[in-house]
Amino acid sequence: MEVDEKLTREMGRLAVETGMWTLYEWENGEYKYSHIPKKYKPVGEYMKFQGRFAHLKEQHIAKMQAFVDEKISRIKAIAVEAPIPTPKV
């Protein structure tokens, strides 16, 4: 990934918030999602910071968005959200 190291955390967050990456655990034969955004951002927000996507045209990004939208709809159909444990004080 060709991104300034100062943006690493932001890129990880955008990857999840756009649906390009999914946070889950595999537990007892079941996917348990650690975080499912309530509203997803457009994939273009994740892609615009990375040189590897600079050559893509709008129709390519639209095709990627359609792919991610399909993935999100499948996730929402089977999703079991796993609570994130909070540390005991």
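A brief look at the structure comes next. The shown structure was predicted, so the numbers you read here are calculated from the model rather than taken from an experiment.

Examining the overall build of the protein
Regarding its fold elements, the protein presents three helices and two strands. Reading the protein from its N end, one meets helices and strands in the order α-β-β-α-α. A buried classification covers 29% of the 89 residues belonging to the protein. In the protein, the proportion of contacts linking residues at least 24 apart, taken out of those at least 6 apart, comes to 61%. Put simply, the protein shows about 7000 Å² of open surface, and 57% of that area lies on carbon and sulfur atoms.

A closer look at the pairing of strand β1 (residues 23-27)
The side chains of a regular strand alternate, first on one face of the sheet and then on the other. In terms of strand pairing, β1 meets strand β2 (residues 30-35) through five bridges, oriented antiparallel. When the bridges of β2 are listed, E27 appears paired with E30. Count of turn residues in the β1/β2 antiparallel hairpin: two residues, of which N28 carries a positive phi of about 50°.

Criteria and thresholds
Residues numbered from 1 in each chain as written. Predicted model: local features only at pLDDT ≥ 70, side-chain atom pairs only at ≥ 80, totals over all residues. Heavy atoms only, no water. Helix = DSSP H or I, 4+ residues; strand = E, 2+ residues; numbered from the N terminus. Buried < 20%, exposed > 50% of the residue type's maximum accessible area, 1.4 Å probe, protein only. Contact = heavy atoms within 4.5 Å. Areas by Shrake-Rupley, 256 points an atom, 1.4 Å probe, with all protein chains shown as cover. Pairing = 2+ DSSP bridges.

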